[in-house]
Amino acid sequence: MSDSYYYSHYDSVYDMQQIMREENKRTKSGKKLKLVKLLALLLFVLLLIEGGLWLTLSTNGSHLNISYSGLNTIEDVSLSRNLLLNCGTNWFAFDTAAAVSLIASDSAVESVSVEKKFPSSIIVKVKERVPAAITLATVNGKTVPVQIDKNGVFFAVDKAVPTVSLPLLTGFNFENVTDGMRINSKYRTLIDQLSKIQ
């Protein structure tokens, strides 16, 4: 085997033609790539504009649909009014943490969860306290009925007594009882036993 080099005029022309063809292919593919990028950018911008318009039109003019589950003694109309006044009327501005705090501040509520569902729904799940017993307490110089739940929490102070038959606990000297107060820990076993009887 020998090493030899061969050069001819036709090879250089052929190479030049080959180079020109490759450059034409590159410019065509570069133009196609630029066109695809431009179309993708245009579609993305149109999608953003359409999404913004849809969000603006779908939630700005509509009111919130608040649905409740688990309410027995609490009125949903007054609760809705308080939620809309204190937590926002727009779905995006509605503060679920503030709504949970507002509803949980009612002593008749044992637990609550609030969740937002797009585009304009608010779902409120409430578990109300169930009375295990009733006692009488002095509030502002007046004797009023007070309900006690299974955890020893006083609630529904000076409200109507439930229609179910509940034991009446007497012999306590409660003065100025407020909603959410707890009974002394030495009586909690008694309340727990009463709740199991029912």
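Above this text is the structure in question.
Scope of this entry: the structure provided in the associated data block. (Residues numbered from 1 in each chain as written. Predicted model: local features only at pLDDT ≥ 70, side-chain atom pairs only at ≥ 80, totals over all residues. Heavy atoms only, no water.)

Summing up its helical and strand segments, the chain has four helices and seven strands in all. Ordered by position in the sequence, the α and β elements of the chain form the string α-β-α-α-β-β-β-β-β-β-α. A burial count over the chain gives 26% of its 198 residues as buried. Residue pairs in contact within the chain that sit at least 24 positions apart in sequence constitute 50% of those at least 6 positions apart. Approximately 14,100 Å² of the chain is accessible, and the part contributed by carbon and sulfur atoms is 58%. (Helix = DSSP H or I, 4+ residues; strand = E, 2+ residues; numbered from the N terminus. Buried < 20%, exposed > 50% of the residue type's maximum accessible area, 1.4 Å probe, protein only. Contact = heavy atoms within 4.5 Å. Areas by Shrake-Rupley, 256 points an atom, 1.4 Å probe, with all protein chains shown as cover.)

Let's shift gears to the sheet that holds strand β4 (residues 131-139). Strand order across the open sheet formed by four strands is β6-β5-β4-β7, with mixed pairing between neighbours. At either margin of the open sheet sits one strand with a lone partner, and together these are β6 (154-155) and β7 (168-169). Across the face of the sheet, helix α4 (residues 188-197) comes into contact with β4, β5 (142-149) and β7 while running at roughly 135° to β4. (Pairing = 2+ DSSP bridges. Axes fitted to C-alpha atoms, helices over the stretch in contact; angles between N-to-C directions.)

Closest axis-to-axis distance for the helix α2 (residues 76-87)/helix α3 (residues 96-104) pair is 10 Å, and the angle between their directions is 140°. The pairing of α2 with α3 is recorded here as oblique in orientation. α2 and α3 meet at a crossing whose hand is right-handed. Of α3, the residues touching α2 (which contributes Leu79, Asn82, Leu83, Asn86 and Cys87) are Ala98, Ala99, Leu102 and Ile103. (Parallel < 35°, antiparallel > 145°, perpendicular 65-115°, else oblique. Left-handed = near helix turned anticlockwise from the far one by under 90°.)

If you look at the biggest cluster of nonpolar residues, it comprises 17 residues, and the most contacted ones within it are Leu83, Ile103, Val114, Ile122 and Val124. Contributions of two or more residues to this core are made by β1 (65-69), α2, α3, β2 (109-117) and β3 (121-128). Residue contacts for Leu83: discarding those within four places in its chain leaves Ile66, Tyr68, Gly88, Phe94, Ala99, Leu102, Ile103 and Val124. (Core = buried A, V, L, I, M, F, W, Y, C linked by side-chain atoms within 4.5 Å.)

Right, let's get into the pairing of β5. Two strands pair when backbone bridges link them, and β4 and β5 are joined in this way by eight bridges, in the antiparallel orientation. Its bridge partner lying in β5, Ala133 is registered against Ile148. Linking β4 to β5, which pair antiparallel, is a turn of two residues; within it Asn140 sits at a positive phi near 55°. Between β5 and the antiparallel strand that follows it, β6, lie four residues; Gly152 among them carries a positive phi value of about 85°.

This brings us to the sheet that holds β3. One open sheet accounts for three strands, arranged β1-β3-β2; its pairing is mixed. Single-partner strands in this sheet number two, and they are β1 and β2. The average undirected angle you get between the axes of adjacent strands in this sheet is 20°. By the bridge criterion, eight bridges tie β2 to β3 in an arrangement that is antiparallel.

It is worth spelling out the pairing of β1 at this point. Every second residue of β1 is oriented toward a common face, the buried set being Ile66 and Tyr68 and the non-buried set Asn65, Ser67 and Ser69. Sheet topology note: the β1/β3 ladder contains five bridges and is parallel. Residue pairing for β3: Asn65 is matched across the bridge by Ser121.

What follows deals with the pattern of salt bridges. Summed over the entire model, instances satisfying the criterion amount to four salt bridges. With a shortest N-O distance of 2.8 Å, Arg129 and Asp149 are connected by a salt bridge. Residue Arg129 is found in the loop between β3 and β4, and its partner Asp149 is found in strand β5; the two are separated by 20 residues along the sequence. Of the two residues examined, Arg129 and Asp149, each falls in the buried class. The partner of Lys196 in a salt bridge is Asp192, and the shortest N-O contact between them spans 3.5 Å. Taken together, the positions of Lys196 and Asp192, both in helix α4 and four residues apart, correspond to about one turn of that helix. The class for Lys196 is exposed, based on a relative accessible area of 64%. By relative accessible area, Asp192 is classed as partly exposed at 31%. (Salt bridge = Lys/Arg side-chain N within 4 Å of Asp/Glu carboxyl O.)

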